[in-house]
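Here are the chains, one letter per residue:
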Amino acid sequence: MAGKIQDQVQQASTIQRNQVLEDFRWAVTSRHASLMGRKEVFMGKAKFGIFGDGKELAQIAMARAFQKGDFRAGYYRDQTFMMALGELTVQQYFAQLYAHTNAEADPASAGRLMNGHFATRSLNEDGTWKSLTAQYNSAADISPTAAQMPKLLGLAFASKLYRNNKGLKDLTDFSVHGNEVAWGTIGNASTSEGMFFETLNAAGVLQVPMVVAVWDDGFGISVPQEFHTTKGSISEALLGLQRTDTEKGFEILRVKGWDYEALNEAFTSAGRLAREEHVPVLLHVEEMTQPQGHSTSGSHERYKSKERLQWEKDWDCILKFREYIISSGFATADLLDEIESEVKGEVKRQKDAAWNEFNGEIKVELEEALALIRFTAEKSSRKIALLQLADELKKTINPIRKDVVSTVRKCLFLLRTEGDEIKKELANWYNQLQEKNQDRYNSHLYSQTEYSVDRCKVIPAQVTEDSLLVDGREILQAFFDYTLEHNPRFFALGEDVGKIGDVNQAFAGLQAKHGDWRVMDTSIRECTIIGQGIGAALRGLRPMVEIQYLDYLLYGIQLLSDDLATLTYRTKGGQKAPLIVRTRGHRLEGVWHSGSPMGMILSTLRGMIVCVPRNMTQAAGMYTTLLQSDEPALVIECLNGYRLKEQLPHNMGEYTVPMGVPEVLREGKDLTVVTYGSMCRIVLDAAAELAEIGVSLEVIDVQTLLPFDTHGVIGQSIQKTNRVLFADEDVPGGGTAYMLQQVLDHQGVYAYLDAAPQTLAAQAHRPAYSTDGDYFSKPSVEDVVEKVYQIMHESNPKKYPAI
Ligand SMILES: Cc1ncc(C[n+]2csc(CCOP(=O)(O)OP(=O)(O)O)c2C)c(N)n1
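Notes on the structure follow. Source: prediction; values computed, not measured.

**Focus: the overall build of the protein**
(1) Moving on: Along its length, the protein carries 26 helices and 22 strands.
(2) Moving on: For a compact globule of 803 residues, the expected C-alpha radius of gyration is about 28 Å, and the protein comes in at 30 Å, within 12% of that figure.
(3) Moving on: Over its C-alpha atoms, taken along the principal directions, the protein stretches across nearly 105 × 85 × 50 Å.
(4) Moving on: Counting over 803 residues, the protein shows a buried share of 59%.
(5) Moving on: Considering only contacts within the protein whose residues lie at least 6 apart along the sequence, 79% involve residues at least 24 apart.
(6) Moving on: Of the roughly 32900 Å² that the protein leaves accessible, carbon and sulfur atoms contribute 52%.
(7) Moving on: Each charge class in the protein was averaged separately, 85 positive and 105 negative side chains, and the resulting centres sit 4 Å apart.

Pasting the structure below:
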């Protein structure tokens, strides 16, 4: 018996020893990757580097507590975590540092993001989901500090839904009974951001399985802790969130970043609490270091005192780990040295392999270019100049693609006066190369799979004489009711969306009918409402999140722009979050309930679909299209349209509205007015008035701004009318300027125009209050009539004398 126990003790200590030594291996692997990474930048082989040195031990503990199906949403220091998890090889780490554009070489971003931006791939090549519960998952990182937090809330919230919404229980590729934990990481300085506080508050309210680890190294670049956080400690500052015996809240833990055993214990218990009880945990990891300073952009000797620098050396987590291993008798110093030296060799080998692969591809292209330029030179009258360009290219140290392509373009420019026969080989090669480069650098802004909105089947709405005439909001209500019934992944949340069914009652009665886990109220927190949607969409759900008024989208536009709109692009199709953001805008009342800031949206949300339906029938059809595709979208309903009567289509939930296809609302021959949203009715009223004096307007509703008229409907109309006016409610130079640019650049209409294309927008200021305020701020029927008339007058002053 005693012998058996002894054997077991022996066995347990062998396992423990092996684990400790494996952890040591990961720690030194990551550290040497950091050290060599910095050198690569200084040697000019990479442009910029930011590394995870000084934070290794805590990340290994986090990796140990992390389970399949879990998600990480973190930041640029987490290389050790990713490596220890087996989701990042050293070679991949260096491939990203060099910006290798191959998704196999750099699975996180295919060379699109600077180093330290981690991600796992959730999707197969064809856009279908992998089994997320069979793999470790990391949401794709972004650089803005703390912007990883809102989606972290959503990733954790998804577990809540999967556990509580019985309709989701079969989706085992996404969740097993909501057991998945969302793990967040953030630097101490970044906890000062509003998004951090907003996320924590919401997580405490929602009681979601979220562990937030704060990597605290006492600085935010050069700025020390006392400038960042009240009381100098985020766990102190947030003590009010701590749960008690009677009140729900957070579990708050503190641990030192060099204390191996305490770290393992803290992460294990945090993971268990979150996973089993759905309690959010804040894990404040203090006394971390940054041996090489913030990044390759500068040296920390500039702002850290001698004492601090010495302290960081003495309390380096790997040094402390070594001391722990030796004093616990797991290994001798010699053995650790041996392991480290072996690891160092392996890191170097993988670094070199990454460089050779990255550089090898470019070398091949360079050699091909040189051969073709020289070959072409022999036939060309510009031989000397061409050979000189080839020589210069040949001499480039660490050449990159730009060197090759820019030289070839210079050559082709030199060859512009020579016949095709002379330059055809070089030109063909260049065209093929540019196709590859397009894929490398410019692809995947939108879905390139069969789930793209373009592939959605068009099914017209069926409206007949016996279709009921109902309020616009009832059209939406019928749509939402249908979708809640037929699509278990669909849910809606937002301020006032649950109990009262949104401020305009499109969800009225639907929470009572479909349940509290389908139609939900939230607090007033636009940014994390969006984050909640992004995270849930990353985990296979189909959220619709509501921003109560378009003017308040500003609170969430940063996240939409930085995170959601870039997701497919920055992972080169590796992840998707098909979130629908529903909001309402255009004219209604006053400064903050009449917004139509399309210019802002169009500049910041490339990568999203932007729908501007003129009524609720169109809106419902657009929602159907979006739910059949996998693209994230913003849909702006007309604030003043919920009480207007519309005919209820018979095929609600089935009819679709295609994206990027304008609709001609009224045919005419004199002038085309291009508009959308609430302006459609204004322009149609103006068209009726103008018809009375013999001016025939063609009125086009663009329906979606992104994508924009992919069928050239507007150009065809201009070919007929030869005059065009772009009208909307945005500021001058906003949405109208965009529409004008799209048509001029892509539809070749210049030759068909008999008059200068014009725009009509709202005033440059926000709209004043009340009906008069609206009249003097937004384009009115009279404004449209007069503007059109002015264009007609300029064409034919006799027929249309000045007003
Ligand atoms: C919104 C935003 N502001 C500024 C920056 C520039 N920036 C990058 S890292 C950083 C400091 C972050 O410090 P901390 O959160 O403590 O993390 P650490 O780098 O120390 O791990 C700053 C200011 C940024 N990336 N995003």
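**Notes on helix α2 (residues 56-65)**
(1) Moving on: Of all 10 residues in α2, nine are buried, a share of seventy percent or more.
(2) Moving on: Turning to α2, its buried residues are Glu56, Leu57, Ala58, Gln59, Ile60, Ala61, Met62, Ala63 and Ala65.

**Here we look at the pairing of strand β19 (residues 697-701)**
(1) Moving on: For β19, a buried count of five out of five residues is recorded, marking the element as mostly surrounded by other parts of the structure.
(2) Moving on: The side-chain alternation of β19 yields two buried faces, one formed by Leu697, Val699 and Asp701 and the other by Glu698 and Ile700.
(3) Moving on: When strand β17 (residues 663-666) meets β19, the two strands line up antiparallel, connected through three bridges. Across the sheet, residue glutamate 663 finds its bridge partner in β19, namely aspartate 701.
(4) Moving on: Sheet analysis places strand β18 (residues 671-675) next to β19, joined by five bridges and oriented parallel. Across the sheet, leucine 671 pairs through a bridge with leucine 697, a residue of β19.
(5) Moving on: Read from β18 through helix α22 (residues 679-692) to β19, the crossover connection turns out right-handed.

**Thoughts on empty space enclosed by the protein**
(1) Moving on: Applying the stated criterion to the full structure yields two cavities of 30 Å³ or more.
(2) Moving on: Taken together, Leu445, Tyr446, Ser447, Leu564, Ala565, Thr568, Gly607, Asp630, Glu631 and Pro632 form the lining of the largest cavity.
(3) Moving on: Along the lines of polarity and charge, the residues of the lining of the largest cavity split into five nonpolar, three polar and two charged.
(4) Moving on: One number sums up the size of the second largest cavity: a volume of about 30 Å³.
(5) Moving on: For the lining of the second largest cavity, a count of residues per class yields six nonpolar, four polar and no charged.

**Some words on the sheet that holds strand β15 (residues 633-638)**
Hydrogen bonding along the main chain pairs the strands of a sheet, whether they run parallel or antiparallel.
(1) Moving on: Taken together, seven strands build an open sheet; the order of strands is β11-β10-β12-β13-β15-β14-β20 and the sheet is mixed. Looking at which strands have only one partner, the edges of the open sheet turn out to be β11 (519-521) and β20 (704-706). Between one strand and the next, the sheet's axes are offset by a mean angle of 20 degrees, whatever the strand orientation.
(2) Moving on: One ladder, built from four bridges, connects strand β12 (residues 542-547) with strand β13 (residues 580-585); its direction is parallel. Bridging from a neighbouring strand, methionine 544 pairs with isoleucine 580 of β13.
(3) Moving on: The sheet contacts of helix α21 (residues 616-627) involve β10 (490-494), β12, β13, β14 (609-611) and β15, and relative to β15 the element is tilted by about 170 degrees.

**Section: the nonpolar core**
(1) Moving on: Membership of the largest hydrophobic core comes to 89 residues, with the highest contact counts inside it found for Ile601 and Leu705.
(2) Moving on: The greatest single-element share of this core, amounting to nine residues, is contributed by helix α5 (residues 149-164).
(3) Moving on: Membership of the second largest hydrophobic core comes to 67 residues, among which are Phe51, Ile60, Tyr93 and Leu263.

**Section: the packing of aromatic side chains**
(1) Moving on: Across all of its chains, the model carries 30 aromatic pairs by this definition.
(2) Moving on: Between phenylalanine 66 and tryptophan 183, the aromatic rings sit 6.2 Å apart at their centres with planes inclined by 40 degrees, giving tilted as the arrangement. Residue phenylalanine 66 is located in the loop between α2 and β1 (71-73), and its partner tryptophan 183 is located in strand β3 (residues 182-187); the two are separated by 117 residues in the primary sequence.
(3) Moving on: Taking 6.1 Å as the distance between ring centres and 85 degrees as the angle between the ring planes, the aromatic pair formed by tyrosine 549 and tyrosine 552 counts as edge-to-face.
(4) Moving on: Look at tyrosine 549 and you get buried, because its relative accessible area is 16%.
(5) Moving on: Through successive ring pairs, a cluster of aromatic residues spans Phe66, Phe81, Tyr136, Trp183, Trp215 and Phe267.
(6) Moving on: The cationic tip of lysine 68 hangs over the ring face of tyrosine 136; the distance from NZ or CZ to the ring centre is 5.3 Å.

**Quick word on the pattern of salt bridges**
Here the idea is simple: oppositely charged side chains can pair when their charged atoms come close.
(1) Moving on: Across all of its chains, the model carries 48 salt bridges by this definition.
(2) Moving on: The shortest N-O distance in the salt bridge between lysine 572 and aspartate 439 comes to 2.9 Å. Taken together, the residues span a long stretch of sequence, with lysine 572 in the loop between α19 (567-570) and β13 and aspartate 439 in helix α14 (residues 420-442) at a distance of 133 residues.
(3) Moving on: One connected set of salt bridges, linked through shared partners, spans Glu40, Lys45, Lys348, Lys351 and Asp352.

Each value, and the rule that gives it
Residues numbered from 1 in each chain as written. Predicted model: local features only at pLDDT ≥ 70, side-chain atom pairs only at ≥ 80, totals over all residues. Heavy atoms only, no water. Helix = DSSP H or I, 4+ residues; strand = E, 2+ residues; numbered from the N terminus. Rg over C-alpha atoms; globule rule 2.2 N^0.38 Å. Buried < 20%, exposed > 50% of the residue type's maximum accessible area, 1.4 Å probe, protein only. Contact = heavy atoms within 4.5 Å. Areas by Shrake-Rupley, 256 points an atom, 1.4 Å probe, with all protein chains shown as cover. Lys, Arg positive; Asp, Glu negative; His and termini not counted. Charge placed at Lys NZ, Arg CZ, Asp CG, Glu CD. Pairing = 2+ DSSP bridges. Right-handed = clockwise from strand over helix to strand, strands pointing away. 1 Å grid on protein atoms, 1.4 Å probe; cavity = no way out; pocket = protein on both sides within 12 Å on 5 of 7 lines; lining within 4 Å. Points joined across faces, edges and corners; volume = space filled by probe spheres on them. Nonpolar A, V, L, I, M, F, W, Y, C, P; charged D, E, K, R; others polar. Axes fitted to C-alpha atoms, helices over the stretch in contact; angles between N-to-C directions. Core = buried A, V, L, I, M, F, W, Y, C linked by side-chain atoms within 4.5 Å. Phe/Tyr/Trp six-rings, centres within 6.5 Å; stacked < 30°, edge-to-face > 60°. Lys NZ or Arg CZ within 6 Å of the ring centre and 35° of its normal. Salt bridge = Lys/Arg side-chain N within 4 Å of Asp/Glu carboxyl O.

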